Amino acid sequence: AGEAEQRTGAPLTTTSQEQVYKTTRHPGSGTMANFKGHALPGSFFLLFGLWWSVKYPLRQLWRQGQRPGGRTRVPAWFARMELVEGGLKIFFSFAGIMAEQFVPDGPHAYLYAGEDHTWVKLMNWQHSTMYLFFGLSGVADVLPALSLPLPLGLDRLALALALFVEGFLFYFHVHNRPPLDQHIHSLLLVGVFGGAGCALLEVFLRDQPVLELLRTSLAIQQGTWFFQIGAVLYPPSGGPAWDEDDHSNIMFITMCYCWHYAAALLLMALNYSLVWIGVRRCAGQQGGDMEIRLRKTGSSGNSDSSSHKALLQDSDEE
């Protein structure tokens with residue numbers, strides 16, 4: 001604001017100072033520097049977290065319902081679900097890159113301006129890099145579903161790498177920002193690196209329900225927290241902005257982060273219960289149909305045996 005005042009030669013009003021602060025607080029900011037920009041990745045993680053909270057319990061309960069000593073392989077439609085999941089990852093990643101690069105104020109695939117000798121919209125390029133690695137994770141999901149001879153655990157390794165890159169980029173994303181802005185983004189790193197650690201452990205501990213559910217809960221929390229970041233830094237209703245230097249706001253945001261994780265656990269518990277009820281009902285219907293078929297088979301067997309006995313009696317009389 002002081003530099004702008006020196007250039008114009010006139011003192012800035014309060015409104016002008018707020019405008020200068022908004023334009024200079026995030027230098028090089030792009031698509032994500034608003035509520036919609038945070039809602040886009042938030043929707044991505046929330047969607048996949050909710051999907052995992054249904055997929056993993058469904059697979060676990062299906063395996064538990066198998067006969068002891070019987071086959072434990074999942075049916076073929078599970079592989080098709082993996083194929084669809086990988087395709088959605090690729091699609092959302094491509095959409096994110098296009099949104100970051102080709103919005104009206106985006107870099108439009110220019111990284112360096114030779115005339116001005118400056119970098120072009122590095123924030124957008126960082127976000128595009130994050131989406132790129134999640135797109136690679138989607139490719140790693142699709143290839144095993146196509147029955148290609150790939151190492152086991154490659155999909156989890158690619159997911160762990162994508163989450164690590166996301167955390168690595170966000171760690172150097174908030175330097176020279178107000179305390180609340182730095183703190184609310186640093187809390188995001190807890191779920192990001194936690195999910196990366198879970199995915200990396202799944203490379204060696206395959207199909208572990210506890211690790212899968214822990215990663216799922218962190219993905220749901222990460223999705224809701226992106227919405228929280230956007231609501232705090234860029235209130236969608238146009239209300240008063242938060243005081244980013246007030247320590248009380250930092251304390252509240254820390255407590256709010258714990259509430260988000262509690263809400264994620266409740267969502268997972270609800271989805272797990274619904275999946276369990278659905279599996280029980282399906283198993284009950286299949287068991288009833290099997291019992292009816294057995295009864296029909298038994299009744300037909302009894303009629304055959306009675307007719308066989310009658311024939312034997314006739315032959316004895318003859």
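The rules behind the values
Residues numbered from 1 in each chain as written. Predicted model: local features only at pLDDT ≥ 70, side-chain atom pairs only at ≥ 80, totals over all residues. Heavy atoms only, no water. Phe/Tyr/Trp six-rings, centres within 6.5 Å; stacked < 30°, edge-to-face > 60°. Helix = DSSP H or I, 4+ residues; strand = E, 2+ residues; numbered from the N terminus. Buried < 20%, exposed > 50% of the residue type's maximum accessible area, 1.4 Å probe, protein only. Lys NZ or Arg CZ within 6 Å of the ring centre and 35° of its normal. Salt bridge = Lys/Arg side-chain N within 4 Å of Asp/Glu carboxyl O. Contact = heavy atoms within 4.5 Å.

J.: When you look at the packing of aromatic side chains in this model, what are you seeing that I'm missing?
T.: Any two aromatic rings considered together are summarised by their centre-to-centre distance and by the angle between their planes. Tallied over the entire structure, the rule returns 20 aromatic pairs. Between Phe44 and Phe48, the aromatic rings sit 5.0 Å apart at their centres with planes inclined by 55°, giving tilted as the arrangement. Residue Phe44 and its partner Phe48 are located together in helix α3 (residues 35-64), separated by 4 residues, close to a single helical turn. Note on Phe48: relative accessible area 6%, which makes it buried. Taking 5.0 Å as the distance between ring centres and 90° as the angle between the ring planes, the aromatic pair formed by Trp225 and Tyr257 counts as edge-to-face. On the criterion of sequence distance, the pair formed by Trp225 in helix α8 (residues 209-233) and Tyr257 in helix α9 (residues 247-317) is long-range, its members being 32 residues apart. As far as the burial class goes, Trp225 and Tyr257 line up, both buried. One Lys or Arg, Arg215, reaches over the ring of Trp52 and ends 4.6 Å from the middle of that ring.

J.: Would you mind showing me how to read the pattern of salt bridges here?
T.: Where charged atoms from two side chains of opposite charge approach closely, those side chains can pair. Taken as a whole, this structure holds 11 salt bridges when the rule is applied. Here Glu82 ties to Lys55 by a salt bridge, and the two come within 3.1 Å at their closest N and O atoms. Remark: Lys55 occurs in helix α3 and Glu82 occurs in helix α4 (residues 76-102); sequence separation between them is 27 residues. Classification of Glu82 by relative accessible area gives buried; the value is 17%. When the shortest N-O distance is used, the salt bridge between Arg59 and Glu212 registers 2.4 Å. Remark: Glu212 occurs in helix α8 and Arg59 occurs in helix α3; sequence separation between them is 153 residues.

J.: Hey, could you run me through the environment of Ile220 in this one?
T.: Mapped onto the elements of the fold, Ile220 is located in helix α8. In this structure Ile220 comes out as buried when scored by relative accessible area, which is 1%. Between the alpha carbons of Ile220 and Phe48 there is a distance of 7.8 Å; along the sequence they are 172 residues apart. The contacts of Ile220, once residues within four sequence positions are left out, are Leu46, Gly49, Leu50, Ser53, Ala264, Leu267 and Met268.

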